[in-house]
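Survey of secondary and tertiary structure
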Amino acid sequence: DTAVSQTPKYLVTQMGNDKSIKCEQNLGHDTMYWYKQDSKKFLKIMFSYNNKELIINETVPNRFSPKSPDKAHLNLHINSLELGDSAVYFCASSQAAQGAYEQYFGPGTRLTVT
Amino acid sequence: LAKTTQPISMDSYEGQEVNITCSHNNIATNDYITWYQQFPSQGPRFIIQGYKTKVTNEVASLFIPADRKSSTLSLPRVSLSDTAVYYCLVGAGGATNKLIFGTGTLLAVQP
């Protein structure tokens, strides 16, 4: 059973388009995250939700909008895509928001904007 | 936020013990120290976590001195499959003390 799944795994699109990435976890966790990993492999947190409530919102362009319909899902919508948005996006979940709980990561979505 | 400093890369040979040290001079009282491993084209995977002294599990050991300003991840008898990037994280989590991934250490294990 896949603990944290993301779709799609690859996403190639043109500048200006709007796209979504979906994430689901079947671990019963309360907290979910979105991370962005750029070409230099630096992994940066973007958003975090705890029990469907936004608790972390880093300095991310407002073109990025997370949506959590329930505790098991955290989707990422990106409007007006730009070249700089090209990266690998990872979804993760943890039992709670505190650092004592390990995070489980999905396989990643490689977004390429042309 | 507690900042971490790790070597950018390390080389080793199969069968050796590898120790990766992470510096976190401004660690806070309620911060945990966590290590993750990331293989190419995969998400990071939890390895080990500790608060103080020594923690050991089936894959690694984590040594934390009394002042907690550094920590050392120890991988016994590495194999080629241990080639990966290893991240040290320090934090208590949550909105006010986010867990921050640093640049990580690329461990290259050679035959």
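Attention here is on the structure that accompanies the text. Keep in mind it's a predicted model, so treat the numbers as computed, not measured.

**A word on the state of the cysteines**
Scanning all chains against the criterion turns up two disulfides over all chains. Cys23 of chain A shares a disulfide with Cys91 of chain A; S-S distance 1.8 Å. Torsion about the S-S bond of the Cys23 of chain A and Cys91 of chain A cystine: about -75 degrees, corresponding to left-handed handedness. Note that Cys23 of chain A is positioned in strand β3 (residues 19-25) and Cys91 of chain A in strand β9 (residues 87-94), a separation of 68 residues in sequence. Residue classification places Cys23 of chain A among the buried positions, given a relative accessible area of 1%. Here Cys22 of chain B pairs with Cys88 of chain B through a disulfide, and the sulfurs are 2.2 Å apart. On the sign convention where negative is left-handed, the bridge of Cys22 of chain B and Cys88 of chain B, at about -80 degrees about the S-S bond, is left-handed. Separated by 66 residues along the polypeptide, Cys22 of chain B in strand β2 (residues 18-23) and Cys88 of chain B in strand β8 (residues 84-91) bring together distant segments of the chain.

**Things to note about unusual backbone geometry**
In this chain, Thr7 of chain A is followed by Pro8 of chain A through a cis amide linkage whose omega measures -5 degrees. For Ser41 of chain B, which is not glycine, the phi dihedral falls at a positive 65 degrees. With respect to the helices and strands, the residue Ser41 of chain B is situated in the loop between β3 (32-38) and β4 (45-50). By relative accessible area, which is 60% here, Ser41 of chain B ends up exposed. Residues other than glycine seldom take positive phi values, yet Arg77 of chain B does so here, at roughly 45 degrees. Assessed through its relative accessible area of 65%, Arg77 of chain B is described here as exposed.

**Notes on the pattern of salt bridges**
All names here are of chain A. In the structure shown here, the tally under the stated rule is three salt bridges over all chains. Asp85 is paired through a salt bridge with Arg63; the nearest N and O atoms lie 2.8 Å apart. Pair noted here: Asp85 is in the loop between β8 (73-78) and β9 and Arg63 is in the loop between β6 (53-57) and β7 (64-70), with a separation of 22 residues, a long-range link. Judged by its relative accessible area of 3%, Asp85 is buried. Classification of Arg63 by relative accessible area gives buried; the value is 13%. Salt bridges linked by common partners bring Arg63, Glu82 and Asp85 together as one network.

**Description of the sheet that holds β8 of chain B**
All names here are of chain B. Reading across the sheet, the five strands line up as β1-β9-β8-β3-β4 and stay open at both edges, with mixed pairing between neighbours. In this open sheet, the two strands that pair with only one neighbour each are β1 (9-13) and β4. Strand-to-strand twist across the sheet, computed as the mean angle between neighbouring axes with direction ignored, equals 25 degrees. Here five bridges tie β1 to strand β9 (residues 105-110), and the two strands are oriented parallel to one another. Counterpart to Ser12 in the pairing with β9 is Val109.

The rules we used
- Residues numbered from 1 in each chain as written.
- Chains lettered and ligands numbered in written order.
- Predicted model: local features only at pLDDT ≥ 70, side-chain atom pairs only at ≥ 80, totals over all residues.
- Heavy atoms only, no water.
- Disulfide = S-S within 2.5 Å.
- Helix = DSSP H or I, 4+ residues; strand = E, 2+ residues; numbered from the N terminus.
- Buried < 20%, exposed > 50% of the residue type's maximum accessible area, 1.4 Å probe, protein only.
- Salt bridge = Lys/Arg side-chain N within 4 Å of Asp/Glu carboxyl O.
- Pairing = 2+ DSSP bridges.
- Axes fitted to C-alpha atoms, helices over the stretch in contact; angles between N-to-C directions.

Bear in mind that shape data such as this cannot, by itself, settle questions of function.
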